[in-house]
Amino acid sequence: MRNVTDLIRSTAAQTANAIASGEVSAVEVAQAHLDRIGAVDEKVHAFLHVDTEGALEAARAVDAKRAAGEELGPLAGVPLALKDVFTTKGIPTTAGSKMLEGWRPPYDATLTRRLKEAGVVILGKTNMDEFAMGSSTENSAYGPTGNPWDLSRIPGGSGGGSAAALAAYEAPLAIGTDTGGSIRQPGAVTGTVGVKPTYGSVSRYGLIAFSSSLDQGGPCARTVLDAALLHEAIAGWDPMDSTSINAPVPAVVAAARQADVKGMRVGVVTEFGGEGYQAGVMQRFHESVELLRSLGAEIVEISCPSFTYALPAYYLIAPSECSSNLARFDAMRYGLRVGDNGERSAEEVTALTREAGFGPEVKRRIMLGTYALSSGYYDAYYGSAQKVRTLITRDFDRAFADVDVLISPTTPTTAFPIGERADDPMAMYLADLCTIPSNLAGNAAMSVPCGLAPEDNLPVGLQIIAPALADDRLYRVGAAVEAALNDKWGHPLLEEAPAL
Ligand code: GLN
């Protein structure tokens, strides 16, 4: 690692090794990334807050540990961009909303704490759709993020800031949350790797809730191995989260190193493809299927008929839960308070604050959810959606009785232009067509780059889906695809993103 370009282009695994061997200091690595952020983030807008002092202090602590001869963890000194939906003690946390502008949490999320304990250097907090509702990061109250492949296009959402930070070489690691696709879809459209771990395997304590039965934090990186290293750092049982799974974390790093699909049975989901899917996306997907076959996987077609109803079920369940979760923003407990002139009632101040503090998409969801949960309509909407959820889980159970993993495109299209779907919620919701079933069922899924679409030269993602607690299979398959495609095309991100 001789120069700054090497420092920002290295993988997390390489950087950690270089720091552990003394080839480079953690402070040099942190400074190189802070400089990169300083140089490009005005254009990209991946970050809402950069914690220069905190990052350098964390890096100094890693260097001091090494100097004292203490053993360093596998990610010690590696910089990371953290989605602004996890609490960070004393550091602004907004969830992309005006409602939380200026709020400094009094505590760290469990995930934040684990990262700090692993010696990971948190560079700052990344931009996101308000309260993680969206597929483009355009719903952020703080303005959109650009896709480093083409700054006039969206970087996906809701975790567009985290994915863009990776693709722009502002950080080698990032954290996202995936309620309906917000890790995988941004990964797909930025040419990066994104993983939604099994529901309950990464703690939600300190994750600002959108839809509690769906929300899951997870790793984002430029390589499958880096994602695996981060996965092992953040996953594991947490007594502070009542939905946390008390089970061993699957050996995802070993699986990523194994990178072998020989003898695996891979199911192609027949429902995902056809009308509405971009030709170049389907072309790269079909090539990936053939690639897996050539690597020794057995390919079968699998029909999951209930997946057709996943999107409408999700758009009843997620808004229902959000209408309840967001009730806490009452102008009394956190952040914003509007119209408190000493004469208005608490109810009036709450109403004025919610009117001013929430953006249009958040209001739409609260309205939808409140309606779906109202006594006259509960069974017709929320109740029916829960039944569909069960049917989707059964489709997965049937499929996984036959195959080890399922695959599909991650998204129907590549990155679309900023503004194109901003006024069309239905078009926006379609971006998550392929990712939502795994949130409803709670199993594990990954998006891994599988080339560029020929018609627009933009990244395409391959989605790999595994049963709950079999996250290691994602990494086995993902690493095999990554290695085979690197031989063919070179890593898509080895060339500097053209727009920067
Ligand atoms: N795009 C989906 C939504 O708007 C998913 C968001 C997410 O995963 N956080 O709800």
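Residues numbered from 1 in each chain as written. Predicted model: local features only at pLDDT ≥ 70, side-chain atom pairs only at ≥ 80, totals over all residues. Heavy atoms only, no water.

1. Looking at the UniProt feature "active site" (unreviewed entry) in the protein chain
Point 1. In the numbering used here, UniProt assigns the "active site" (unreviewed entry) feature to K83, S158 and S182. Taken together, the annotated residues stretch across 100 residues yet fold into one region, lying no more than 10.8 Å apart by C-alpha.
Point 2. In this structure K83 comes out as buried when scored by relative accessible area, which is 0%.
Point 3. Within the secondary structure, S158 sits in the loop between β3 (121–126) and α6 (160–167). (UniProt positions renumbered as here; feature names shortened; annotations may be inferred. Buried < 20%, exposed > 50% of the residue type's maximum accessible area, 1.4 Å probe, protein only. Helix = DSSP H or I, 4+ residues; strand = E, 2+ residues; numbered from the N terminus.)

2. Some points on helix α14 (residues 379–400)
Point 1. Helix length check: α14 (22 residues) gives 30 Å between terminal C-alpha atoms against 32 Å at 1.5 Å per residue, within 8%.
Point 2. Along α14, the residues that are buried comprise Y382, G383, A385, V388, R389, I392, D395, F396, A399 and F400.
Point 3. Of the surrounding secondary structure, the elements contacted by the buried residues of α14 are β8 (298–302), α11 (310–325), α13 (360–372), β9 (405–409), α16 (436–441) and β11 (459–466). (Expected span 1.5 Å × (residues − 1). Contact = heavy atoms within 4.5 Å.)

3. A few points about the UniProt feature "domain: Amidase" (unreviewed entry) in the protein chain
Point 1. Summarizing the sequence annotation, UniProt attributes the feature "domain: Amidase" (unreviewed entry) to residues 28–474 in the numbering used throughout.
Point 2. End-to-end, the C-alpha atoms of residues 28–474 are 33 Å apart, and along that stretch the chain is 38% helix and 14% strand.

4. Describing the site of the ligand
Point 1. Within the structure, the ligand sits among 15 residues, and G180, S182, Y314, R365 and D432 are positioned closest to it.
Point 2. T179 has a polar backbone atom sitting 2.8 Å from an oxygen atom of the ligand.
Point 3. The contact in question runs from an oxygen atom of the ligand to an N or O atom on the backbone of G181, over 3.2 Å.
Point 4. Calculation on the ligand without its partners gives an accessible area of 290 Å², and the protein chains cover 100% of this total.
Point 5. The class makeup of the residues in the shell around the ligand is five nonpolar, seven polar and three charged. (Near = heavy atom within 4 Å. Polar contact = N/O pair within 3.5 Å; in protein donor to acceptor, adjacent residues only side chain to side chain. Areas by Shrake-Rupley, 256 points an atom, 1.4 Å probe, with all protein chains shown as cover. Nonpolar A, V, L, I, M, F, W, Y, C, P; charged D, E, K, R; others polar.)

5. Topic: the pairing of strand β5 (residues 193–196)
Point 1. Neither face of β5 is left uncovered, since the one carrying V193 and V195 and the one carrying G194 and K196 both have all their residues buried.
Point 2. Of the strand pairs in this sheet, β5 and strand β6 (residues 217–221) are connected by two bridges, and their pairing is antiparallel. Considered in β6, the bridge of G194 is made with C220.
Point 3. Note that β5 and strand β10 (residues 444–452) share three bridges and pair antiparallel. The residue of β10 that forms the bridge with K196 is A445. (Pairing = 2+ DSSP bridges.)

6. Digging into a nonpolar patch on the surface
Point 1. A cluster of nonpolar side chains, contributed by Y371, Y377 and Y381, occupies part of the molecular surface with about 290 Å² of accessible area.
Point 2. Following the sequence through the fold, Y381 ends up in helix α14.
Point 3. By relative accessible area, Y381 is classed as partly exposed at 31%. (Patch = residues over 30% accessible without salt bridge, like charges linked within 9 Å, V, L, I, M, F, W, Y side chains within 5 Å. Salt bridge = Lys/Arg side-chain N within 4 Å of Asp/Glu carboxyl O.)

7. Examining the environment of K125
Point 1. Here K125 shows up in strand β3.
Point 2. On the accessibility criterion, K125 (1% relative accessible area) is buried.
Point 3. In the structure, K125 is positioned 74 residues away from D51 in sequence and 8.0 Å away in space, judged by C-alpha atoms.
Point 4. Only 3.4 Å separates the side chain of K125 from the backbone oxygen of P92, close enough to count as a polar contact.

8. A look at the pattern of salt bridges
Point 1. One pass over the structure, following the stated rule, counts 19 salt bridges.
Point 2. Here R293 and E290 are joined by a salt bridge, their closest N and O atoms 3.1 Å apart. One end of the pair is R293 and the other is E290, both in helix α10 (residues 279–294) and three residues apart, which spans about a single turn.
Point 3. Accessibility expressed as a relative area gives 42% for E290, which makes it partly exposed.
Point 4. Here the residues in one salt-bridge network are R265, E298 and D402, joined through shared partners.

9. Thoughts on the packing of helix α3 (residues 26–44) against helix α4 (residues 52–67)
Point 1. For the pair α3 and α4, the least separation of the axes is 7 Å and the interaxial angle reads 160°. Relative to α4, α3 is oriented roughly antiparallel. The two elements α3 and α4 meet at a crossing, and its hand is right-handed. Residue-level inspection shows A26, V27, A30, Q31 and L34 of α3 in contact with α4, the latter providing T52, A55, L56, A59, R60, V62 and D63.
Point 2. For the contact of α3 with α4, a count of residues per class yields eight nonpolar, two polar and two charged. (Axes fitted to C-alpha atoms, helices over the stretch in contact; angles between N-to-C directions. Parallel < 35°, antiparallel > 145°, perpendicular 65-115°, else oblique. Left-handed = near helix turned anticlockwise from the far one by under 90°.)

10. With respect to the side chain of T88
Point 1. You can see T88 is positioned in the loop between β2 (79–83) and α5 (110–117).
Point 2. For T88, a relative accessible area of 4% puts it in the buried group.
Point 3. Among the polar contacts made by the side chain of T88, one reaches the side chain of T93 at a distance of 3.1 Å.
Point 4. Not counting the four nearest positions on each side in its chain, T88 is found in contact with L82, T93, P105, Y107, D108, T112 and K125.

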